[in-house]
Every structure is written in structure tokens, then in C-alpha cells.
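# Coordinate inspection notes
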Number of protein chains: 2
Amino acid sequence: MDNRAIGVFDSGVGGLTVLKEIKKVLPNENYIYIGDTASFPYGSKSKQTIIELSKKHIQKLISLDVKMIVIACGTATSQALDEVKKIFDIPILGIINPTIEYLKKENLKRIGVIATTGTIRSKGWQNSLQREINDVTVFSKACPLLAPMAEEGWTENEIANLTIKEYLKDIKDIDALILGCTHYPLFEKLIKNELGDNTEIVNTGKMVANEIKKYIKQNNLQNAIEKNLTEIYLTDTECNFIQVAQKILNLENINIKKIE
Amino acid sequence: MDNRAIGVFDSGVGGLTVLKEIKKVLPNENYIYIGDTASFPYGSKSKQTIIELSKKHIQKLISLDVKMIVIACGTATSQALDEVKKIFDIPILGIINPTIEYLKKENLKRIGVIATTGTIRSKGWQNSLQREINDVTVFSKACPLLAPMAEEGWTENEIANLTIKEYLKDIKDIDALILGCTHYPLFEKLIKNELGDNTEIVNTGKMVANEIKKYIKQNNLQNAIEKNLTEIYLTDTECNFIQVAQKILNLENINIKKIE
């Protein structure tokens, strides 16, 4: 038993889609979420900057006494996970490995990946897929406008619809599409409409949620107290966070604290 | 006479719209342009970060021996101009003051401002307008998707059109609309269509270009050599810069150098 919270770190509001999936499979845990809204978006930043920001916020989560940490951001997973795992002595999970394991198990071979410019350019997904899955074919596409569009709350309007169509026009006939940025599940309905039923939309949040559940069970780390809290810390509170958070998490009363 | 180049600094590709206007009125000058494409967008960054980045790139322009500097970025003008003017002993112009002077002279009173989130939040435009123009009414709107959309090269498609309509829907019946981010002249056609002929679209690049021309003439700083060069330095060269630059400047051969 371990009553400490699970820490979740993201560059903004997108990681809430991951938090939502984790809460579905682990409803009795406590959560502390850090959204680096002041530095958002990570997608266009250098690797070194992303490593520095990730170190800072993981350090903060550790100081808040969490039992494990999820990097709920595609860009930060792709650019900084290996580095921070070397530095900190706490279990840290990213969103890439659990997804790759799933695709391997399901024997899916024609894989599309959409993500931020930084994530696509880092080839984090592409290299992992090619290393882990035999005969895989990877189609990748940077979609720099989707995350800012989600932060703006535009996830179901006609602008979002046309943007999805434009970005996906060259990715067809794939078995699965990885949503390589945690904002993208907000566009899942539009993406599904565009790609049709033969393509599986892979929500990386679901994959990492299952992995955490397994880890908690195997290591007997369940929370035993009947009090399930979600605390949210943001580096910039003057943003659309609450509006989007309510949409994603259906939270009525969100208590948000400002951090450096 | 002063044969040194005019330095132009921007957070990315948007400042090229300013460079274009300056070149129209001063075709015989040499230019050095720094685009901080690695840190783009400035719009969502803190004031302190923007000051640090501006100092660094202005220092670089000075080391390249320019005779004066234009901050061709709305966010950097709004957040950092006052600060860098205190530090460096070289003429530095931003895009706000020349525009305010023009509006004052034309006696325009109902003024709309569209800009990045950082610029609108800093109230740089709003405060200057209210201080300088009697009985002014200011309508401001943050448009966080427009600059990334311009960097993506989407300035005339249906996505851009619908985005403009959405952002401008509450700004009507104004005398003038200030394009408070230097990317926005790329959307001028769509904005004009939306607002109609009774609203003047104010391109801040044109305003600053006239100001520079006046300054150069008054101080007798004209370039006297028949060789008009434009050098471009970027902090990240793996971006859509060339594609967008060709669209804005109609440059056939752009020589781009990478800097830190």
C-alpha cells in the first residue's frame, strides 16, 4: 500500500486526456497534475530546453511527495524521458513505450503518427517503432496547429475539421494512427470521421493508463485511504485551462494553484 | 552617409512583412534580419523571457555592425522595447509608436487591435492608445492561432478564412484595425473582406518603414554604395521559413545562415 499521489506532468492542458484515462482505470488514487502553461507549446522548443523544463517540474512533483510520475506529453517523452530517468530515483513513465508494446501485441504494421513538430523531428516514435516492430511502415506528419487549437478550445468546430482533413490528406490506408500528442484525443471524433473504421485510433493515454495500473498492482502500491483528490498546479493561470479542463474531465470544481 | 546595414529582429518569419515595407521605401539600403525561429512563438512567453531573447539578438545585430535596429515583432516591442532601449546605445525602433502617431494624425477614434496573447495581455497597445489619443475606444482581441497558421503557410485557405471570421466576430464598427503582430499582414485580404471598406487595416510595418525613412533622411544616414544585400540569420533553419519568405518577399535566392 502507498497512499501518496501519482504525479502527472504536461506542457499544458493536453495531459488531462491522459489523466482522464488513468482515472478511469485507477479511480481510487490521488493525483497531482503540473501543467507548464507558461512555457506551452513544447513542440517548437529545442531538446535542451525541454529537458531543463522537464527536470524542473519533475523535481517539483517529487517535492510534493508523489509515488510515481507520468510524463503525459508526447514532446517531453520523446525529448526528455531518457534523460530524466537517469537523474531521478523514482518510477517515471512516458507515453511512447506502452503504445509500442500494444501495437506489437496487436500485430499492426502500417502505422501513422501525428504529433508536434518537435516530436516528429526528434524521430522518437519513428525510431522506436522501427526498432521494436518487424516490417513496420511508418507514416509521420507534424501537425503544429492542433495543440494550440485545442488550447483555444476549438476541437469540434469547422476550423478544426478542415485542419484535420488537411493534415491527414496524405496518410491513408493505415492500420493504426498514433495520437502522438496528448491534446489530440480532443479531436478523436473528427479524426475517426476522416480515417474511417478500418484504422484504429491509438490514444496513448489509454496505453499508459493500463501500464500504470499493472505497475501499481504488481508492486502493491494501491492507495488505501477513501479520499480521492486531484490537485492541479499551473505555471500560468491566465489561460483557457479551466474551460478546456472542464470539457475533458467534467470537473465541476477545479482547484488550481500557481507555481513558478 | 552610413553604409552599414539596417538590422531587423523578429521572433520568426512575421517580421519579413515589416522588412518588405521598409525595402519599398528604402530600396537602396542593406539589411540584416534575425528570425528567432527556434524560440517562436514569443506570444505565449513571459515578459522576462522575451526581454532576455531580445537582448541576445540585438547584441548579435550590433556585433554584425548595423547602424540601427527595428524590432519587427509586436510581442517583443510590447514587452521588451523600453528595456533594451535603456541598455544599448544604438537607435532602436519598435512597431507601436509609429502606428500610434499615424492614428493620432488621422483622428481615428474607434480602434481595434488584434495580436498574440502575450501582446494583448501586456496591454502595450491599449495603454499607448489610451495615453496618446483623446476619447479613443479600444477593442482588443488575442488571436493565438494566427501566427502559427502563418508559419504553416496557411494564409489564404478556407481554414484561415474561418479563423479570421471567428476572431473578428465581436470587433465590428471600428475606424481602424491595428495588425498588432507582424504576421498578420499575410491575412490582410481575408481581414479586409471580413471588415469591409469602412475600416482601415493598419499595417504596422508600413508605419515603421515611414519612420525609418524619415530618421535616415534627417540624420543623413543613407547607404551610398550600389550593392543592396539582405542577409538572413535564423536560430532554427529546419522550418517553413524559406517557403513563407518567398511568398512575402518574392526572393528567388535567399541565403540563410544558422546562428545560436
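From a predicted model like this one, the values you see are computed outputs, not experimental measurements. (Residues numbered from 1 in each chain as written. Chains lettered and ligands numbered in written order. Predicted model: local features only at pLDDT ≥ 70, side-chain atom pairs only at ≥ 80, totals over all residues. Heavy atoms only, no water.)

Looking now at the sheet that holds strand β6 (residues 137-142) of chain A. All names here are of chain A. With respect to topology, four strands assemble into an open sheet ordered β6-β5-β7-β8, the strand pairing being parallel. With one partner strand each, in any of the chains shown, β6 and β8 (200-203) form the two edges of the open sheet. Taking the axes of each pair of neighbouring strands and ignoring which way they run, one obtains an average angle of 20° across the sheet. Where strand β5 (residues 110-115) lies against strand β7 (residues 176-179), four bridges are found, and the strand directions are parallel. Bridge pairing in β7 places Val113 opposite Ile178. (Pairing = 2+ DSSP bridges. Helix = DSSP H or I, 4+ residues; strand = E, 2+ residues; numbered from the N terminus. Axes fitted to C-alpha atoms, helices over the stretch in contact; angles between N-to-C directions.)

Attention now moves to the confidence of the model for chain A. A residue-level look at chain A finds 97% of positions with pLDDT of 70 or above and a mean pLDDT of 91. Taken over the whole predicted complex, pTM reads 0.83, whereas the ipTM for its chain interfaces reads 0.80. (pLDDT = per-residue confidence, 0-100.)

The next subject is the nonpolar core. Leu16(A), Ile191(A), Ile212(A), Leu16(B), Ile191(B) and Ile212(B) are the most contacted members of the largest nonpolar core, which totals 104 residues. If we ignore the near neighbours within four places in the chain, the residues touching Leu16(B) are Tyr33(B), Ile232(B), Phe241(B), Ala245(B), Ile248(B) and Leu249(B). (Core = buried A, V, L, I, M, F, W, Y, C linked by side-chain atoms within 4.5 Å. Buried < 20%, exposed > 50% of the residue type's maximum accessible area, 1.4 Å probe, protein only. Contact = heavy atoms within 4.5 Å.)

Quick look at the relation of the copies chain B and chain A now. For the pair chain B and chain A, the best superposition has an RMSD of 0.0 Å and corresponds to a rotation of 180° with a translation of 0.0 Å parallel to the axis. Put plainly, the chains are arranged around a two-fold axis. Taking C-alpha positions as reference, the residue of chain B nearest the rotation axis is Ile159(B), located at 2.8 Å. Taken together, the interface assignments show that 100% of the residues at the interface of chain B recur at the interface of chain A, consistent with an identical surface on both copies. (Least-squares fit on C-alpha atoms with pLDDT ≥ 70 in both.)

Taken together, the contacts link 20 residues of chain B with 20 residues of chain A. Together, the buried faces of chain B and chain A total about 1700 Å²; carbon and sulfur atoms form 61% of this surface. Here chain B is connected to chain A by two salt bridges. Here Asp236(A) ties to Arg121(B) by a salt bridge, and the two come within 3.0 Å at their closest N and O atoms. Contributing elements (two or more residues each) for the side of chain B that touches chain A: α7 (146-151) and α8 (158-168) of chain B. With six residues, α8(B) is the single largest residue contributor to the side of chain B that touches chain A. Here the side of chain B that touches chain A is composed, by residue class, of 11 nonpolar, two polar and seven charged. (Buried area = accessible area lost by both parts, 1.4 Å probe. Salt bridge = Lys/Arg side-chain N within 4 Å of Asp/Glu carboxyl O. Nonpolar A, V, L, I, M, F, W, Y, C, P; charged D, E, K, R; others polar.)

With that settled, the discussion passes to the pattern of salt bridges. Under the defined criterion, the tally for this structure stands at 27 salt bridges over all chains. In this structure, Glu211(A) engages Lys214(A) in a salt bridge whose closest nitrogen and oxygen atoms are separated by 3.8 Å. Here Glu211(A) and its partner Lys214(A) are both found in helix α10 (residues 204-218), three residues apart, which amounts to about one turn of the helix. When the shortest N-O distance is used, the salt bridge between Lys104(B) and Glu132(B) registers 3.2 Å. Placement of the pair is Lys104(B) in helix α4 (residues 97-105) and Glu132(B) in helix α6 (residues 124-132), with a sequence separation of 28 residues. The partly exposed category is assigned to Lys104(B), whose relative accessible area is 38%. We classify Glu132(B) as partly exposed; its relative accessible area is 31%.

The subject of this paragraph is the sheet that holds strand β2 (residues 31-35) of chain A. Residues and elements named next belong to chain A. The strand order β4-β3-β1-β2-β9-β10 describes an open sheet built from six strands, whose pairing is parallel. Unpaired on one side and paired on the other, β4 (92-93) and β10 (256-258) mark the two borders of the sheet. Sheet topology places strand β9 (residues 230-234) next to β10; three bridges connect them, and they run parallel. What sits directly across from Tyr233, in β10, is Lys257. Relative to strand β1 (residues 6-10), helix α2 (residues 47-63) is tilted by about 155°, and along the sheet it contacts β1, β2, β3 (68-71) and β4.

Turning our eyes to something else, we now look at the packing of α2(A) against helix α3 (residues 74-87) of chain A. Each packed pair of helices is defined by two parameters, the angle between the axes and the distance between the axes. Residues and elements named next belong to chain A. At their nearest, the axes of α2 and α3 sit 9 Å apart, and the two run at 60° to each other. In terms of axis orientation, α2 runs oblique to α3. Considering how the two elements wind past one another, α2 and α3 form a crossing that is right-handed. Contact residues: Lys47, Ile50, Ile51, Ser54, Lys55 and Ile58 in α2; Thr75, Ala76, Gln79, Ala80, Glu83, Val84 and Ile87 in α3. Taken together, the residues of the contact of α2 with α3 break down into seven nonpolar, three polar and three charged. (Parallel < 35°, antiparallel > 145°, perpendicular 65-115°, else oblique. Left-handed = near helix turned anticlockwise from the far one by under 90°.)

Both the distance between ring centres and the angle between the ring planes are used here to describe each pair of aromatic rings. Enumeration over the complete set of coordinates arrives at four aromatic pairs over all chains. Between Phe9(A) and Tyr42(A), the aromatic rings sit 6.3 Å apart at their centres with planes inclined by 55°, giving tilted as the arrangement. In this pair, Phe9(A) is assigned in strand β1 and Tyr42(A) in the loop between β2 and α2, connecting sequence segments 33 residues apart. On the accessibility criterion, Phe9(A) (0% relative accessible area) is buried. Note on Tyr42(A): relative accessible area 1%, which makes it buried. Relative to Trp154(B), the ring of Tyr167(A) has its centre 5.1 Å away and its plane inclined at 40°; by these criteria the two rings are tilted. Of this pair, Tyr167(A) sits in helix α8 (residues 158-168) while Trp154(B) sits in the loop between α7 and α8, placing the two residues on different chains. Exposure class is identical for Tyr167(A) and Trp154(B). Each is buried. (Phe/Tyr/Trp six-rings, centres within 6.5 Å; stacked < 30°, edge-to-face > 60°.)

This part is about the packing of α8(A) against helix α9 (residues 188-195) of chain A. All names here are of chain A. Remark: α8 packs on α9, axes separated minimally by 10 Å, with the N-to-C direction vectors making an angle of 50°. Judged by the angle between their axes, α8 and α9 are oblique. Considering only the axes of α8 and α9, their crossing is right-handed. Residue-level contacts link Ala160, Asn161, Ile164, Lys165 and Leu168 of α8 to Leu190, Ile191, Glu194 and Leu195 of α9.

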